[in-house]
Structure formats: structure tokens, C-alpha cells
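Topology and contacts: notes
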Amino acid sequence: MIDLPPEPRIRTRVKVFYFDTDAAGVVHNVAYLRLVEVGRSELAEKLGWSLAEMGKSGIVPVLARTEIDYRKPARLGEALLIESSLTRLERVRFVIETSIRKEDEYETLVYCRQTLVTIRISDGRPQAVPESWVRAYPHLRAVRNDSKTKSDS
Ligand SMILES: CC(C)(COP(=O)(O)OP(=O)(O)OC[C@H]1O[C@@H](n2cnc3c(N)ncnc32)[C@H](O)[C@@H]1OP(=O)(O)O)[C@@H](O)C(=O)NCCC(=O)NCCSC(=O)c1ccc(O)cc1
């Protein structure tokens, strides 16, 4: 059991390499999803859900929804900061928001909001979000009154 940080947030620094870019030297839309995943995985580890432990426990998060806004381009060789935050906890779902910006500028280049569902690997059925998160971050707890609607996550 690890001590959870006061804020469920992490900043990850990355550099834009050739394999992230298209012929114009700008980061490809698909490459941003990989960067979002890098940040989200680092956040999961910080919140006690390491990649190695996930498989062993039999309980894993899966992505149910990704919304992404591409606001400004990032370019080859630039240093980027990926800021990933856990922002909402429901019964079996949770939300991670990610912003990507240049290391030396404050403007957000890309914003992404993802809904994840905690499932049991053996049968794929949804499971409760980690109790330790609910205890550590009660202010993120949200109760939905529209559980039949999947489109407004
Ligand atoms: C997400 C699911 C398990 C949900 O299963 P269902 O049988 O629909 O369960 P339910 O109907 O009970 O839904 C459970 C809850 O999820 C909600 N839900 C389900 N689908 C959605 C979508 N698309 N959006 C928002 N909310 C959703 C639903 O409203 C329920 O919420 P509550 O009412 O608040 O309980 C199922 O739809 C599924 O298996 N989808 C495929 C998931 C998948 O293949 N994702 C991509 C691969 S995972 C991945 O790439 C990855 C994940 C995590 C990492 O760290 C790295 C990589």
C-alpha cells in the first residue's frame, strides 16, 4: 500500500521525436494519444496502480471514451509537458484529463478527457473504482443520475 499524493496529478516531460511527427514536422494526431497514454500510465503508477501490479490483481481499467481537442501544433524536437489529472470518480467509472503544452509556454496545445471503467479481466465485468482513491479524494466523487446514458460522460 502506498501513500497517495494530496493531488491526483502528475507532470511528465517528453521530447518530440521523428516517430511522433508527419512530413511537415508537426506531431501527428495519433501520436498525441500515445503521449496521453504515457502521462496516464505515470499517473496510475503514482496512484498505486502500477502496470506490473494491474495484471496480477486481475482488475484493470479500460478506456470507454476519449475526447480530444487539438488546439495548436507541437513540432519535432520540442520539449513538452503532459499534465494528467484524475478529476472524477463514479461507481465503476473514472475520468482522467490531460493537457499537453510546450515546456516553456503556458498555452494548452492539446486537451484530452478520457472515461475509464474498472473491469475484472476474467469476465470483463465492471468493478468498483479503487476504494483507496475514494477515501483519498472524496471531492472527486460524483453520483450520476443518468446511468442509462453513455454519451454524456
Ligand atoms: C467499458 C465496458 C467494460 C463497459 O461494459 P458494459 O457491459 O457496457 O458495462 P455497463 O453497461 O455496466 O457500464 C458500466 C459503466 O460504464 C459506463 N460506460 C460504458 N461504456 C461507456 C462509454 N463508451 N462512455 C462512457 N461511459 C460508458 C456505463 O454508463 C456504466 O456507468 P454507470 O452507469 O455509472 O455504472 C465495455 O463497454 C468494454 O469492454 N468496452 C471495450 C473497452 C476497450 O476495449 N477499450 C480499449 C482498450 S483498453 C486500453 O486501451 C487501455 C486502458 C487502460 C490503460 O491504462 C491502457 C490502455
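The name recorded for the protein in an unreviewed UniProt entry is 4-hydroxybenzoyl-CoA thioesterase, from Methylacidimicrobium cyclopophantes. UniProt lists a comment for the protein under the heading Sequence similarities (unreviewed entry), and it reads "Belongs to the 4-hydroxybenzoyl-CoA thioesterase family."

Turning our eyes to something else, we now look at the pattern of salt bridges. As enumerated under the stated definition, the model contains 15 salt bridges in all. Across the pair R135 and E131 runs a salt bridge whose closest N-O atoms are separated by 4.0 Å. In this pair, R135 and E131 both sit in helix 3 (residues 131-136), four residues apart, roughly one turn of the helix. The partly exposed category is assigned to E131, whose relative accessible area is 48%. Look at the salt bridges and you will find they share partners, linking R65, E67 and R113 into a network.

In this structure the tally under the stated criterion is five aromatic pairs. With centroids separated by 5.6 Å and ring planes inclined at 50 degrees, the aromatic side chains of Y32 and Y70 adopt a geometry described as tilted. Of this pair, Y32 sits in helix 1 (residues 29-46) while Y70 sits in strand 2 (residues 59-70), and the two are 38 residues apart along the sequence. Taking relative accessible area as the criterion, Y70 reaches 39% and is therefore assigned partly exposed. Taken together, the ring pairs in this structure connect W49, F94 and W133 into an aromatic cluster.

On to the sheet that holds strand 3 (residues 79-89), then. The strand order across the open sheet built from five strands is 1-3-4-5-2, with neighbouring strands paired in antiparallel fashion. Across the chains shown, the open sheet's two edge strands, defined by having one partner strand only, are strand 1 (9-15) and strand 2. The average angle at which neighbouring strand axes cross in this sheet is 25 degrees, direction not considered. Note: strand 1 against strand 3, seven bridges, orientation antiparallel.

Looking now at the pairing of strand 5 (residues 108-120). Most of strand 5 is tucked away, with ten of its 13 residues classed as buried. Relative to strand 5, strand 4 (residues 93-102) runs antiparallel, the two being bridged by nine bridges. Considered in strand 5, the bridge of E97 is made with R113. Counting the residues that bridge the hairpin from strand 4 to strand 5 gives five residues.

Counting 20 residues, the largest nonpolar core has L86, L89, F94, W133 and Y137 as the members making the most contacts within it. Of all elements in the fold, only helix 1, strand 3, strand 4, strand 5 and helix 3 reach the threshold of two or more residues within this core. Ranked by residues supplied to this core, first place goes to strand 5 with three residues. Residues within four places of Y137 in sequence aside, it is in contact with L4, P5, P6, E7, P8, L47, L86 and L89. In this structure, V14, V16, V27 and I100 belong to the second largest nonpolar core, which totals 14 residues.

Thresholds applied
Residues numbered from 1 in each chain as written. Predicted model: local features only at pLDDT ≥ 70, side-chain atom pairs only at ≥ 80, totals over all residues. Heavy atoms only, no water. UniProt positions renumbered as here; feature names shortened; annotations may be inferred. Salt bridge = Lys/Arg side-chain N within 4 Å of Asp/Glu carboxyl O. Helix = DSSP H or I, 4+ residues; strand = E, 2+ residues; numbered from the N terminus. Buried < 20%, exposed > 50% of the residue type's maximum accessible area, 1.4 Å probe, protein only. Phe/Tyr/Trp six-rings, centres within 6.5 Å; stacked < 30°, edge-to-face > 60°. Pairing = 2+ DSSP bridges. Axes fitted to C-alpha atoms, helices over the stretch in contact; angles between N-to-C directions. Core = buried A, V, L, I, M, F, W, Y, C linked by side-chain atoms within 4.5 Å. Contact = heavy atoms within 4.5 Å.

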